[in-house]
2 protein chains.
Amino acid sequence: MDEQSGGAPATPTIADVARLAGVSKGAVSLALNDKPGVSEETRQRIREAAETLNWRPSIHARAMLRSRAFAVGLVLARDPRHLALDPFFAGFLGGVQTVLADSNSVLVLQVVGQGEEAEAEGYRRLARERRIDGAFLLDVRTDDRRPALLRELGLAAVAVGPDGADYDGTPFVGVRDGDGIRDAVEHLAGLGHRRIAFVEGAPAYLHSASRLAAWRDAMRAHGLPAGPHAAGHFTGEGGAAATRLLLERRPTAIVYASDLMAIAGMSVAREAGLDVPADLSLTGFDDNPEAAHLHPPLTTVRQDPVAVGAAAAELLMARIDGRRVTPVSPSPRLIVRGSTAAPPAAR
Amino acid sequence: MDEQSGGAPATPTIADVARLAGVSKGAVSLALNDKPGVSEETRQRIREAAETLNWRPSIHARAMLRSRAFAVGLVLARDPRHLALDPFFAGFLGGVQTVLADSNSVLVLQVVGQGEEAEAEGYRRLARERRIDGAFLLDVRTDDRRPALLRELGLAAVAVGPDGADYDGTPFVGVRDGDGIRDAVEHLAGLGHRRIAFVEGAPAYLHSASRLAAWRDAMRAHGLPAGPHAAGHFTGEGGAAATRLLLERRPTAIVYASDLMAIAGMSVAREAGLDVPADLSLTGFDDNPEAAHLHPPLTTVRQDPVAVGAAAAELLMARIDGRRVTPVSPSPRLIVRGSTAAPPAAR
DNA sequence: ACACGGTACTAAATGCGTTTAGCAGCGTAC
DNA sequence: GTACGCTGCTAAACGCATTTAGTACCGTGT
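Counting restarts for each chain, with residues numbered from 1 along the sequence as it is written. Going through the entries in the order they are written, you letter the chains from A and number the ligands from 1. The model is predicted, so local features are restricted to residues of pLDDT at least 70 and side-chain atom pairs to those at 80 or more, both for listing and for counting; the totals for chains, interfaces and linings are taken over all residues. Heavy atoms throughout the structure, all of them, feed into the side-chain values; hydrogens and water do not.

1. A look at the packing of helix α6 (residues 87-102) of chain B against helix α13 (residues 305-321) of chain B
Residues and elements named next belong to chain B.
Thought 1: Axis geometry follows a simple rule: fit a line to the C-alpha atoms, using only the stretch in contact for helices, then measure angles between N-to-C directions, giving values from 0 to 180 degrees. Helix and strand labels come from DSSP, where a helix needs a run of H or I of at least four residues and a strand needs a run of E of at least two; each type is numbered from the N terminus. Look at α6 against α13: their axes get within 6 Å of each other, and the N-to-C directions meet at 45°. With respect to α13, the element α6 is oriented oblique. In the crossing of α6 with α13, the sense of the turn from one axis to the other is right-handed. Mapping the contact onto sequence places Pro-87, Phe-88, Gly-91, Phe-92, Gly-95, Val-96, Thr-98, Val-99 and Leu-100 in α6 and Pro-305, Val-306, Val-308, Gly-309, Ala-310, Ala-312, Ala-313, Glu-314 and Met-317 in α13.
Thought 2: Of the residues contributing to the contact of α6 with α13, the split by class is 13 nonpolar, 4 polar and 1 charged. Throughout, the term roughly parallel applies to angles under 35 degrees, roughly antiparallel to angles over 145, roughly perpendicular to angles from 65 to 115, and oblique to all others. Take the far helix as the reference: if the near one is turned anticlockwise from it by less than a right angle, the crossing is left-handed, and if turned clockwise, right-handed. The contact criterion used throughout is that any non-hydrogen atoms of two residues lie within 4.5 Å. Residues are grouped as follows: Ala, Val, Leu, Ile, Met, Phe, Trp, Tyr, Cys and Pro are nonpolar; Asp, Glu, Lys and Arg are charged; every other residue, Gly included, is polar.

Put into structure tokens, the structure is as follows:
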């Protein structure tokens, strides 16, 4: 069997448009970019020709002279299975896209193995090949070397992470994780809980550290002693192990830094013979699609990842174009469901 | 405060390398692409110069002459929240990346609003701007118009979906979803179940239809009457509603086309006073990170999305380069956990 | 008649890596 | 000495959209 004939219709170039309209290439460029120097009559004729041929300028040719790639990058150094469980990421991408669509840029995504060096190499490659004009920084760590790297590579950058953290000079869109944790603690304290434990994520990440700090602050603000806490590393296993550890300290409530850990914790509690929420209240973070459909449904913190993505993209495009915009910090919202209730009456 | 001076270090071009090595641009190109016409001595000198300057050819310049973009595209017309819950997708991206890294191509990701037209426009834009050489097709629907569109756009394409389905001539990497469902039914039948219901996803998608068909076939193969089934649309709400509907028919087991639906179903069953697995066995599909940490942990089907992604990328790159490879169809695996058991003794 | 301005366009340069044609220099054959 | 081939390199063209410099043509003023 032979290849289907007809095959790829050669994509038209500006020369084809010029020929069809009976003008020079220069005139086409001027006409379609709304620049002066072409009569309205000719401009219209050129527009029609371009329309007929369905012509769009090749970004490669454009990129050559403007030294702009018309693309931005995102490098993810995550274990794919870890990436999977993050509804934030998906929403973020959606938000980014709404902004990119208007600015004629696209998103280049690179998933690399875990490890700082692999991640750095990902950005380096994109930069040296002139594939991107700027990049997003997600999952920022304490002492993250990427801000410096991107500066060195001459790339515009925008970090996404907790409000008020240190991004080494890189502009950032602040996510107010802390507010969500604070709301959760307030909610529990309001129900009468006093021994509220905390399961943090992976201490190396800023968004993990900031959630832990928020829990501490909120406890203090309510005059409660900061109870026990343990790291769950944002995984199911970690969340379960941390919960087993914390249950020995007899808390009446546990605040988790992620839904997955909370879900694992819920199972551990039930195995230990505890009823949720009668004996133990639990709160998660992220509002995974599963959260609302558990038994009992999980009280959790919902972020607005689409808004965060849009804000980050807005800021990044502004940096690239040399414009200035004031970044926003979307706030998360506590979704109260059935996994939280008043603590067992003091016995 | 002024901009930090020093600023962007101008990215070196091939001319810089040539100057440093004391040769012409042509010689550099020949040397670094391992083509004859340069002495080994000079070649080495050029290599060192390129290394020193940390030079990499600009893809834009390359793209101009080869009329290759050195990028492939993926357009997703999904609700961001729906995307979030799909561990398949994340693994897929990871697998794609392993292959792309070797072939000097990158992945351009576009998330568009739902709707066929938005999706088509996404591919059209990427193609006309010469941004991509090929594209992946995910979430293929019955009567999907994208294979025809991509052919018309002159793009190489690879579809990902159930083995043996009709992709309108587009080469595909077959995922053997059906095998997973069959294994689940066999597992349940082996435990003694006879009334096994099924919650399908969204009928418009091939991978949904194929899972439904697999359930029917497996039931027949075991001499069982195809029990009731209902659509859950791959959402939590849908899974819960479908479960309520099916429970009226008193099944002893329900097979779900996704974990999320199974999780929602488990809550519904428990609210109805049923014990899982004593009164009702449940199986999911996907092996979400949560699945292992539920109470009881969910018996489910685990795919190997990384292998699928790698296979799809391999096939796509081969199409682009005009090579031929024989595509593989990775098989899923049933993970037996605590949500399945023998049916309640025939009363 | 010629200078001056403005308009509407064209020709040509530009960016950057690859490729092809061309050329210098050397050795060999006759 | 010329013809021929080979090696090792250079110069130049190419692809494509944008931009700048340049030109033709018209009308106006003197």
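2. Digging into the protein's contact with DNA strand D
Thought 1: Throughout, the term near means that a residue has one or more heavy atoms lying within 4 Å of the molecule or strand in question. Neighbouring residues of DNA strand D: 25 residues in total, closest Ile-14 and Lys-35 of chain A together with Ser-24, Ser-39 and Thr-42 of chain B.
Thought 2: Sugar plus phosphate: this is where 67% of the atoms of DNA strand D within 4 Å of the protein reside.
Thought 3: Note that a phosphate oxygen of DNA strand D is positioned 2.7 Å from one of the backbone N or O atoms of Ser-39 of chain B.
Thought 4: At a separation of 2.5 Å, a phosphate oxygen of DNA strand D approaches a polar side-chain atom of Thr-42 of chain B.
Thought 5: Counting residues per element, the ones that place at least two in the surface near DNA strand D are α2 (25-32) and α4 (59-66) of chain A together with α4 (59-66) of chain B.
Thought 6: No other element matches α4 of chain A, which puts 4 residues into the surface near DNA strand D. Counted as a polar contact is a pair of N or O atoms within 3.5 Å, where, for protein atoms, one must be capable of donating a hydrogen and the other of accepting one, and residues adjacent in sequence contribute only when both atoms are in side chains.

3. Quick notes on a nonpolar patch on the surface
Thought 1: Excluding any residue in a salt bridge, patches collect residues exceeding 30% relative accessible area, merging like charges within 9 Å and nonpolar Val, Leu, Ile, Met, Phe, Trp and Tyr side chains within 5 Å. Accessibility throughout is a Shrake-Rupley quantity obtained with a 1.4 Å probe, and a residue counts as covered only by protein chains that appear here. One side-chain nitrogen of Lys or Arg within 4 Å of one carboxyl oxygen of Asp or Glu is enough to make a salt bridge. On the surface, Met-64 and Leu-65 of chain A together with Met-64 and Leu-65 of chain B cluster together into a nonpolar patch covering about 490 Å² of accessible area.
Thought 2: Considering the arrangement of structural elements, one finds Met-64 of chain A in helix α4.

4. Describing the confidence of the model for chain A
Thought 1: Scored from 0 to 100, pLDDT records how confident the predictor is in each individual residue. Mean pLDDT over chain A stands at 91; residues scoring 70 or higher make up 95%.
Thought 2: Confidence drops under pLDDT 50 across residues 1-7 of chain A; counting only partners more than four residues distant or on other chains, this segment forms 2 contacts.

5. Considerations on the protein's contact with DNA strand C
Thought 1: Lining the immediate surroundings of DNA strand C are 25 residues, of which Ser-39 and Thr-42 of chain A together with Ile-14, Lys-35 and Leu-65 of chain B lie closest.
Thought 2: The contact atoms of DNA strand C, taken as those within 4 Å of the protein, divide so that sugar and phosphate hold 62%.
Thought 3: A distance of 2.6 Å separates a phosphate oxygen of DNA strand C from a polar atom in the side chain of Thr-42 of chain A.
Thought 4: Contact between DNA strand C and Lys-35 of chain B: a phosphate oxygen at 2.6 Å from a side-chain N or O atom of the residue.
Thought 5: The leading source of residues in the surface near DNA strand C is α4 of chain B, at 4 residues.

6. Quick word on the interface of chain A and chain B
Thought 1: Residue-level contacts link 66 residues of chain A with 65 residues of chain B.
Thought 2: Once two parts are joined, some of their accessible surface, as seen by a 1.4 Å probe, is lost; buried area is that loss totalled over both. Of the roughly 6,100 Å² buried at the junction of chain A and chain B (both faces included), carbon and sulfur atoms supply 56%.
Thought 3: Looking only at chain A, the three residues that lose the most surface to chain B are His-60, Arg-130 and His-293 of chain A, adding up to 12% of its buried area.
Thought 4: Here chain A is connected to chain B by 2 salt bridges.

7. Observations concerning the relation of the copies chain A and chain B
Thought 1: Structural alignment of chain A on chain B gives an RMSD of 0.2 Å, achieved by rotating through 180° and translating 0.1 Å along the axis. In the structure described here, the two chain copies are related by an operation that fits a two-fold rotation axis.
Thought 2: Here 98% of the contact residues of chain A are again contact residues in chain B; the copies associate through an equivalent surface. Only residues with pLDDT of at least 70 in both copies count here: their C-alpha atoms drive the least-squares fit that superposes the copies.

8. Points about the environment of Ser-103 of chain B
All names here are of chain B.
Thought 1: Along the polypeptide, Ser-103 turns up in the loop between α6 and β2 (106-112).
Thought 2: Exposure classes here rest on a 1.4 Å probe applied to the protein chains alone. A residue is buried below 20% of its type maximum, exposed above 50%, and partly exposed in between. For Ser-103, a relative accessible area of 23% corresponds to the partly exposed category.
Thought 3: Here the alpha-carbon distance between Ser-103 and Glu-314, two residues 211 residues apart in the chain, equals 9.6 Å.

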